Amino acid sequence: MGHPPFLVRQKPVVSDFQEMQQKPDVVILNAEVLTMGTSQPSAKAVAVAQERIVAVGNNTDIQALAGLDTQEIDGQGLTLLPGFIDSHIHSLSLARTTQELDCRPDKAPSVTAIAHRVFEWARIVPPGEWVRGFGYDDLALDERRHPNRHDLDEISPKHPVRLDHRSGHATVLNSLGLRMAGITAETPDPVQGVIERNADGEPTGVLFEMAAFLSKNIETGRTRNKMQRGVTAANRLLLSYGITSLQDAGPENGPERWQAFRELIDAGNIQPRVTMMAGAGRLKHFIDAGFSWGSGDALLRLGHVKIMLTVTTGELHPSLEELREIATGASKAGFPVAVHCVEQEAVAAAAQVISGLIPSPSGIPPHRIEHCSECPPDVLDAVRGGGAAVVTQPGFIHWNGPSYRANVAGSLQPHLYPIGAIDSAGIKIAFGSDAPVINPNPWPSIHSAVTRQDYQSKPFPESNGSGRVSVQSALRMYTLSGAELEGTAQEKGSISPGKLADLVLWHGVLEHVGDPATALGVLREAVRPGGTLSLLVAQRHAAV
C-alpha cells in the first residue's frame, strides 16, 4: 500500500521571508492541512511569522524551522483550513440585531406572538424610545400575513415600533412610528418603495423597499454605546464561526460608513478583515474624497459598487437603461459592480448590462451578480454569456427550504440557488450569508451546498445535481473564491507562503460534512501573533 497523501514527504514550500532565515513566530504541527491551492493541496504543518505564512510542509521540516522563541501548536490531527470569507454580509445590521427583539418564526410563530414579544419588550423600554424587532417572516406565520399597525398600536401606544422582515425588504411601523417617519395617507410612494394602504388609502404600517427612506427620515435611537455593544457581540459571533474576512454589501455605504468601520477596526471592535462595497448613490462622494477601487489596507479596503436591482413594484428598478448608466459610470471610474438580483428578470437584466461593460483592467475582479436566487437554464445561459461572477447563499436552502416548498412554484424550486449548475457552467462563484437575513455560520451553508438539504434534513428539489457541489468545492467557495471575487487572492484565501495567516483548525472529518448527523464547526480559542487575529482553532461541538 502507498502512503496516505498527508504522509508523503516533500520539501516544504517557503516564502521569501523564510529564505532570509528568520525564525517563525508560530508553527502548527500535526494538522490535516487543506491549503485550497493546486500546487500543494495538502500538508501536515504550517509556519507563521509576522502574521504571514512562511512555510507549508510536513512536520519534520516545519518543526526544523522553529527557533527558541517559536510557539508550537499541536494540531492534534484537526483539519487546518484558510479562514472563511463571507462574501456578502451586512455587518452593522448584524450588530444591530444583537441588541433588538428577535421575531424570527422559531421565537414568534404568529402575529399574536410577535405582538406579545413587543409588549414584553416595551415594558422595559422608556416611553418614547423605539422598540425594534427583526426577522419576522409573513409566509411562516400562522396567519400567513404581515403584522400591521393595528396589531401593534394597542400593546405599544407610547412607543414607536419597527419590525424588519427577515429579508430586509419589508418593514412594519405602528401608528406612532408612521407619524415619526412622516408617513400619512397623502405621502406618495417613494421611488422604488411601496406604502401598503387599506381600501380608504390609509397606510397599514407595512412598507416595502423603504429602508433608505426610513434611515433618512427617522432616528431610531441607536446610541453609540448600544451600537458598540452590538458590534462587539457581532464580532465575537463571526470569529466563533471562523470568519476572518467579510465583504460588507450595504447599498447605502458612503464615506461616513467607511469612517465608522475605520474607527471600529482601529479600536479592535471588528477583527475580521473588511472589504466595504460602495453604494451606487455614494460613489461620487468616494471619488471626490480621493478613493479608488482597492483603497485602504489589509484590514479595511474599498470594493465593488453595490447596485440594488429589484422588481418589487412589478417593474425593474432602476430601469434597464438606468442600470446600464449606473454600471457604465462605475466601470469607467475603475470600479467593478455588484448587482443585487433575486428575481430571474433582474438576474437576466444584470447579465445583459454586464455583458456590455468594458473589460476590467488587470488586477480588478469581475463584475458580480449578488444572490442570483432564481436562475433557470435560460437565465443561467445569460449569466454565463455576460461574463459575470456570482456570489450566492446556499444557506437560504438550509434555513428557508420548508418555506420555499410551501410558497414557491414547484417548477421554479429546482432553479433556486442552483450552485451546482452555476459552477458547472464555468461561472466563478463564491458564498456569503447575507446576515442578518440568515445566521452567518458557514457550516450549514456548506452542508446545504453539498447535500441540497434543509435544516429538517429534507432534500430540496433540484435538476440532475444542479443544487450541489463537492465538499472541496464548497470549502473553496467560502475561502479562495471569496478572495478571488474581491480581488485579494494574492493576499488570502489559501494556505500558501506569503499570504496572511488567517487560519481555522476544525475538529471534524470533511467527508462527513454532508452527513446531517455530523457536528459542525464551533470555535474554541484564538491565537493572535503580533496582536492581530491570525489563527482560529475550531472544535466540532454540536450538530446543525
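Everything discussed here concerns the structure shown above.
These numbers come from a predicted model, not from an experiment.

Hey, could you go over the sheet that holds strand 13 (residues 170-173) for me, with residue numbers and the actual values?
If you walk across this open sheet you meet the six strands as 10-11-12-13-15-14, and the pairing is mixed. Looking at the sheet topology across the chains shown, the edges are occupied by strand 10 (101-102) and strand 14 (194-197). Bridge analysis of strand 11 (residues 131-136) against strand 12 (residues 161-165) gives five bridges, and the strand direction is parallel. Following the sheet pairing, glycine 133 is matched in strand 12 by leucine 163.

Please provide a residue-by-residue account of the environment of aspartate 86, values included.
As for its placement among the helices and strands, aspartate 86 is situated in strand 9 (residues 84-89). For aspartate 86, a relative accessible area of 0% corresponds to the buried category. A C-alpha to C-alpha distance of 6.4 Å links aspartate 86 and serine 433, two positions 347 residues apart in sequence.

Tell me what's going on with the sheet that holds strand 9, and back it up with residues and numbers.
On the basis of which strands lie adjacent, the open sheet formed by eight strands has the order 9-16-17-18-19-20-21-22 and parallel pairing. If you trace the sheet from one side to the other, it starts and ends with strand 9 and strand 22 (429-431), each paired once. Going from strand to strand, the sheet's axes swing by 25 degrees on average, the running direction of each strand aside. For strand 19 (residues 337-341) and strand 20 (residues 368-371), the ladder comprises four bridges, and the chain directions are parallel. Across the sheet, the residue bridging to valine 339 is isoleucine 369, located in strand 20. Across the sheet, helix 12 (residues 344-355) touches strand 19 and strand 20, and the angle it forms with strand 19 is around 160 degrees.

Tell me about the pattern of salt bridges, and please be specific about residues and values.
Per the counting criterion, the structure on display carries 25 salt bridges. A salt bridge links aspartate 164 to arginine 132; its shortest N-O distance comes to 2.9 Å. Residue aspartate 164 is found in strand 12, and its partner arginine 132 is found in strand 11; the two are separated by 32 residues along the sequence. Of the charged contacts, one joins arginine 405 and aspartate 454 as a salt bridge, the two residues approaching to 2.6 Å between their closest N and O atoms. Taken together, the residues arginine 405 in helix 14 (residues 395-407) and aspartate 454 in the loop between helix 16 (442-451) and helix 17 (471-477) connect sequence positions 49 residues apart.

How would you summarise the nonpolar core if you had to cite specific residues and measurements?
A general tendency of soluble globular proteins is for nonpolar side chains to be buried together. With 75 residues, the main nonpolar core has Val337, Val339 and Ile369 as its most contacted residues. If you tally residues by element for this core, the top one is helix 12, at seven residues. Not counting residues within four places of it along the chain, the set of residues in contact with valine 337 comprises His304, Val305, Ile307, Ala327, Ala330, Ile354, Leu357, His367 and Arg368. Among the nonpolar cores identified, the runner-up in size contains 17 residues, and Leu101, Ala108, Ala122 and Val206 belong to it.

A description of the pairing of strand 14 should follow, citing residues and the corresponding values.
Sheet topology note: the strand 14/strand 15 (residues 203-208) ladder contains three bridges and is antiparallel. By the bridge assignment, isoleucine 195 is partnered in strand 15 with leucine 207. Where strand 14 folds back on strand 15, the antiparallel hairpin that results is connected by five residues, among which glycine 201 adopts a positive phi of roughly 85 degrees.

So, the environment of asparagine 59: which residues are in play, and what are the values?
Considering the arrangement of structural elements, one finds asparagine 59 in helix 2 (residues 59-64). A C-alpha to C-alpha distance of 6.5 Å links asparagine 59 and asparagine 30, two positions 29 residues apart in sequence. One polar contact links the side chain of asparagine 59 to the main-chain amide nitrogen of asparagine 30, over a distance of 2.7 Å.

Reading guide: rules and limits
Residues numbered from 1 in each chain as written. Predicted model: local features only at pLDDT ≥ 70, side-chain atom pairs only at ≥ 80, totals over all residues. Heavy atoms only, no water. Pairing = 2+ DSSP bridges. Helix = DSSP H or I, 4+ residues; strand = E, 2+ residues; numbered from the N terminus. Buried < 20%, exposed > 50% of the residue type's maximum accessible area, 1.4 Å probe, protein only. Axes fitted to C-alpha atoms, helices over the stretch in contact; angles between N-to-C directions. Contact = heavy atoms within 4.5 Å. Salt bridge = Lys/Arg side-chain N within 4 Å of Asp/Glu carboxyl O. Core = buried A, V, L, I, M, F, W, Y, C linked by side-chain atoms within 4.5 Å. Polar contact = N/O pair within 3.5 Å; in protein donor to acceptor, adjacent residues only side chain to side chain.

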